[in-house]
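Each chain, letter by letter, is given below.
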Amino acid sequence: MCALKELVVKGNKCDNDFKSGYLLLLENMLAAKFPGTDLKGEPHINSKIHVWKRQYVCLRNMLGISSVGLDSTSYHVEALPEVWESQLKVDPLTKSLRNKAFPLYSQWCEIFGNDRANG
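Residues numbered from 1 in each chain as written. Predicted model: local features only at pLDDT ≥ 70, side-chain atom pairs only at ≥ 80, totals over all residues. Heavy atoms only, no water.

> Please give an account of the overall build of the chain that cites residues and values.
Helix and strand content of the chain: five helices and four strands. Counting helices and strands in the order they occur from the N terminus, the chain gives α-β-β-α-α-β-β-α-α. Along the first, second and third principal axes, the C-alpha set of the chain runs to 50 × 30 × 25 Å. When each of the 119 residues of the chain is scored for burial, the buried share is 29%. Within the chain, residue pairs in contact and separated by at least 24 positions form 52% of the contacts whose partners lie at least 6 positions apart. (Helix = DSSP H or I, 4+ residues; strand = E, 2+ residues; numbered from the N terminus. Buried < 20%, exposed > 50% of the residue type's maximum accessible area, 1.4 Å probe, protein only. Contact = heavy atoms within 4.5 Å.)

Encoded structure:
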């Protein structure tokens, strides 16, 4: 997570995506921090980033609804049952947010920012 944030700070992200070669940079950063690691940019790091980004976009869209919030202690999405049901009709991936904690959300905001347009 720190390595991703460092890439953003160093300008390795433009046009709402990371610049070419960022997976190799992350791989090298991890190898320096954890010698002997066998984590690779493909498939390990890329797979994790893909999952995080998908969850981030879905969560950001859900939190964009006025009656929805993120509990600051448990990091669970707080919404009335009827809000969940209506959002499931719009985005079936919303189901994965229910009863799950998202303690990394604020860090995802720093990393992914406004990567995708809403709607």
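> So what about the packing of aromatic side chains? Which residues, and what values?
Any aromatic ring pair is given by two values, namely how distant the centres are and how the planes are angled relative to each other. Going through the model one piece at a time under the given rule, you end up with three aromatic pairs. Aromatic side chains tyrosine 56 and phenylalanine 112 sit 5.7 Å apart centroid to centroid with 40° between the ring planes, which places their arrangement in the tilted category. Linking tyrosine 56 in helix α3 (residues 41-63) with phenylalanine 112 in helix α5 (residues 105-112), this pair joins segments that are 56 residues apart in sequence. Here tyrosine 56 matches phenylalanine 112 in class, with each residue buried. A connected cluster of aromatic rings, assembled from ring pairs, spans Tyr56, Tyr105 and Phe112. (Phe/Tyr/Trp six-rings, centres within 6.5 Å; stacked < 30°, edge-to-face > 60°.)

> Account for the nonpolar core, naming residues and giving values.
One finds Leu26, Val77, Leu97 and Trp108 to be the most contacted residues of the largest nonpolar core, which totals 25 residues. Secondary-structure elements contributing two or more residues to this core are α1 (2-9), α2 (22-33), α3, α4 (81-90) and α5. Aside from chain neighbours lying at most four places away, what touches tryptophan 108 is Met1, Trp52, Gln55, Tyr56, Leu59, Phe102 and Gly113. (Core = buried A, V, L, I, M, F, W, Y, C linked by side-chain atoms within 4.5 Å.)

> Residue-level account of unusual backbone geometry, with values.
The residue after glutamate 42, namely proline 43, is reached through a cis peptide bond having omega 5°. Position of proline 43 among the secondary structure elements: in helix α3. Even without a glycine there, the phi angle at tyrosine 75 is positive, about 60°. By secondary structure assignment, the location of tyrosine 75 is in the loop between β3 (69-70) and β4 (77-78). A positive phi is found at asparagine 99, a non-glycine position, where the angle reads about 60°. Summarising the element assignment, asparagine 99 is placed in the loop between α4 and α5.

> Run through α3, naming residues and quoting values.
Its 23 residues place the ends of α3 30 Å apart at the C-alpha level, agreeing with the 33 Å of an ideal helix rising 1.5 Å per residue. For α3, the secondary structure elements touched by its buried residues are α1, β2 (17-18), α2, β4, α4 and α5. (Expected span 1.5 Å × (residues − 1).)

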